Amino acid sequence: MKTCNNCGAQVEDVAKFCPECGFKFGSIAEPRAVVTDMYDHTSEFSPEDIANNKLYAILMYCVSLMGIIIGLLAAGDSPYVRFHIKQSLKLFICEVILGLITGALFWTVIVGIVGGIAIVVLAVVDIICLVNACKGLAKEPPIVCKIGFLK
Ligand SMILES: [Zn+2]
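Note that the structure is predicted; figures quoted are calculated from it, not measured.

Novice: I'd love a proper account of the domain arrangement of the protein, names of residues and values included.
Specialist: Assigned domains of the protein: these are domain 1 (1-30) and domain 2 (42-147). Centre-to-centre separation of domain 1 and domain 2, based on C-alpha positions: 47 Å.

Novice: So what's going on with the pattern of salt bridges? Which residues, and what values?
Specialist: Within this structure, the stated rule accounts for one salt bridge. One salt bridge in this structure joins Lys90 and Glu140, with 3.5 Å as the shortest N-O distance. Taken together, the residues Lys90 in helix α3 (residues 79-105) and Glu140 in the loop between α4 (109-134) and α5 (144-147) connect sequence positions 50 residues apart. Summarising the burial analysis for this pair, Lys90 and Glu140 share the class buried.

Novice: Now, about the nonpolar core: what can you tell me, with residues and values included?
Specialist: If you look at the biggest cluster of nonpolar residues, it comprises 16 residues, and the most contacted ones within it are Phe45, Tyr80, Leu91, Leu122 and Val144. At five residues, the largest contribution of residues to this core is made by α3. Once you skip the residues sitting within four places of it in the chain, Leu122 turns out to touch Leu91, Cys94, Glu95, Leu98 and Val144. Counting seven residues, the second largest nonpolar core, distinct from the first, contains Cys4, Ala9, Ala15 and Cys18.

Novice: Outline α4, listing residues and values.
Specialist: Two residues of an α-helix separated by three or four positions point the same way, owing to the 3.6 residues in each turn. Over its 26 residues, α4 runs 38 Å from end to end, which matches the ideal 38 Å to within 8%, given 1.5 Å per residue. Of all the residues in α4, the buried ones are Gly115, Leu122, Val125, Asp126, Cys129, Asn132 and Ala133. Each element contacted by the buried residues of α4 is listed here: α1 (47-63), α3 and α5. Of the residues trailing α4, Gly136 is marked for its positive phi of about 75°.

Conventions used here
Residues numbered from 1 in each chain as written. Predicted model: local features only at pLDDT ≥ 70, side-chain atom pairs only at ≥ 80, totals over all residues. Heavy atoms only, no water. Domains from an automatic or database assignment. Salt bridge = Lys/Arg side-chain N within 4 Å of Asp/Glu carboxyl O. Helix = DSSP H or I, 4+ residues; strand = E, 2+ residues; numbered from the N terminus. Buried < 20%, exposed > 50% of the residue type's maximum accessible area, 1.4 Å probe, protein only. Core = buried A, V, L, I, M, F, W, Y, C linked by side-chain atoms within 4.5 Å. Contact = heavy atoms within 4.5 Å. Expected span 1.5 Å × (residues − 1).

Pasting the structure below:
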């Protein structure tokens, strides 16, 4: 037996409509359509792994390389931590490359401006990653993931 979502009547499991109120089963009870986000890997990790190692992931987006090293040493065997090590390493490499280019060519106004904007964008990406890590998600950093290295 199952309970009608609409009127609470007890209904046979196989019933397509509630005999009491005519409610159509499956219209609400059906599983929600999963929005496939190819950059969201949260479902690939066990909830225990995420719960136990969330803090390391958060740390990586707070203190960058320092957090990566801490995560590697403290929980390097956790798939969830390894995922975030890869993502934050990607971010870190982008920041370093961008910093070097902007630093070397800042006198050419255009690089100075574009580089400056890109640094701000990367900082925003880092904050998004930090928020996702706080939520216990395993999402690739936006924009940076499009570059497609360190898969
Ligand atoms: Zn009903």
